[in-house]
Amino acid sequence: VFMGLLVFFSGGGCSFDNTPKRLSAYLTPVPVPKTTTSATVLLSPTTVSATLVVINDHGFQKSAPALQPGTLQVLGEYLQSVLEKQVPIRLEAVVFPKALQPSGSPNQFVSLAKEQGAPYLLLAILSSSEWEVPDRFALGGSLQGGGGRGWLVGYRAEHYARLELALLDAQTGQLVVSTDGQAWAVLERLAVPLESNVYPVVRRDLTQPPIYPNTEEDAFETLRWVSGQDAIAQAVMHLEL
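For the structure given in this document, a descriptive report is provided here. (Residues numbered from 1 in each chain as written. Predicted model: local features only at pLDDT ≥ 70, side-chain atom pairs only at ≥ 80, totals over all residues. Heavy atoms only, no water.)

### Things to note about the overall build of the chain
- Counting its secondary structure elements, the chain contains four helices and eight strands.
- From first element to last, N terminus to C terminus, the chain shows the α and β order β-α-β-β-α-β-α-β-β-β-β-α.
- Counting over 241 residues, the chain shows a buried share of 47%.
- When the accessible surface of the chain is totalled, it reaches about 12,600 Å², and 54% of it is carbon and sulfur. (Helix = DSSP H or I, 4+ residues; strand = E, 2+ residues; numbered from the N terminus. Buried < 20%, exposed > 50% of the residue type's maximum accessible area, 1.4 Å probe, protein only. Areas by Shrake-Rupley, 256 points an atom, 1.4 Å probe, with all protein chains shown as cover.)

Below is the structure:
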């Protein structure tokens, strides 16, 4: 029986228009996906060997600030671990090249692949947008109990992350297959920081427990890390045998 590497990617899912796809800025032209909701692509009869290239793109209007190097490193390692568990791609290395630019030319990726000695590059572009508005929060931090104990004045920051994955042929820079994942998270913080064990807090949906940043200074980076992790999980979930 011929056993090939089959990569499945879904064309469905929600769309956060405020965080645009950025792959085309780095690799032009990007083929238009088929009109069907899914497609299966035969790549190789064996596990593909690739270098994982992680880029934090923040070069578009209304982009969130760049991630701190430590946060990007942690997200890259998380992406590597999820890929190794779920996708038959052997990652020989993970790199975070700062020199890559959204020039649209594949030449920079061909050069990088030669440096890495990799037959494929797995490009991971993490981008996001965020904005903050005034809000008020229940004194006890509960979303269910309302403000029976009073309200606190603060700010709500909404963060929308997108992770695009693209497998590139190292010889030509040609796109083999691509997919992406999207996620959101919300940061609630007080206008005047107080001693509190419920604020600041990062929330996703109601089915997941809240996450409490270690300090006020860590709040926004925690928000971006949480949303980035969820976007990674969504993108990798779209890659199946």
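### Comments concerning the packing of aromatic side chains
- Evaluation of the coordinates by the stated rule reveals two aromatic pairs.
- Over the ring of W151 we find R136; its NZ or CZ atom is 4.3 Å from the centre of that ring. (Phe/Tyr/Trp six-rings, centres within 6.5 Å; stacked < 30°, edge-to-face > 60°. Lys NZ or Arg CZ within 6 Å of the ring centre and 35° of its normal.)

### Examining unusual backbone geometry
- Y199 connects to P200 through a cis peptide bond whose omega is 0 degrees.
- Take P200: it is sitting in the loop between β7 (175–190) and β8 (201–203).
- Positive phi is not limited to glycine here, since K62 has a value of about 70 degrees.
- Looking at the element boundaries, K62 is found in the loop between β3 (48–56) and α2 (69–86).
- Looking at K62, the relative accessible area reads 67%, which means it is exposed.

### Thoughts on the sheet that holds β8
- Reading across the sheet, the six strands line up as β4-β3-β5-β6-β7-β8 and stay open at both edges, with mixed pairing between neighbours. Each having just a single partner strand, β4 (89–95) and β8 make up the two edges of the open sheet. Each strand axis lies, on average, 25 degrees off the axis of its neighbour in the sheet, ignoring direction.
- On the sheet, helix α3 (residues 107–116) packs against β3, β4, β5 (120–138) and β6 (151–169) and is oriented at approximately 115 degrees with respect to β5.
- Its contacts with the sheet place helix α4 (residues 219–237) against β5, β6, β7 and β8, and it is angled at close to 150 degrees to β7. (Pairing = 2+ DSSP bridges. Axes fitted to C-alpha atoms, helices over the stretch in contact; angles between N-to-C directions. Contact = heavy atoms within 4.5 Å.)

### Description of the packing of α2 against α4
- One can describe the packing of α2 onto α4 by two numbers: an axis separation of 10 Å at closest approach and a directional angle of 20 degrees. Considering their axes alone, α2 and α4 lie roughly parallel with respect to each other. α2 and α4 meet at a crossing whose hand is right-handed. When α2 is examined against α4, the residues T71, V74, L75, Y78, L79, V82, L83 and Q86 are found in contact with a partner set consisting of E221, W225, G228, Q229, I232, A233, V236 and M237.
- The residue makeup of the contact of α2 with α4, split by class, is eleven nonpolar, four polar and one charged. (Parallel < 35°, antiparallel > 145°, perpendicular 65-115°, else oblique. Left-handed = near helix turned anticlockwise from the far one by under 90°. Nonpolar A, V, L, I, M, F, W, Y, C, P; charged D, E, K, R; others polar.)

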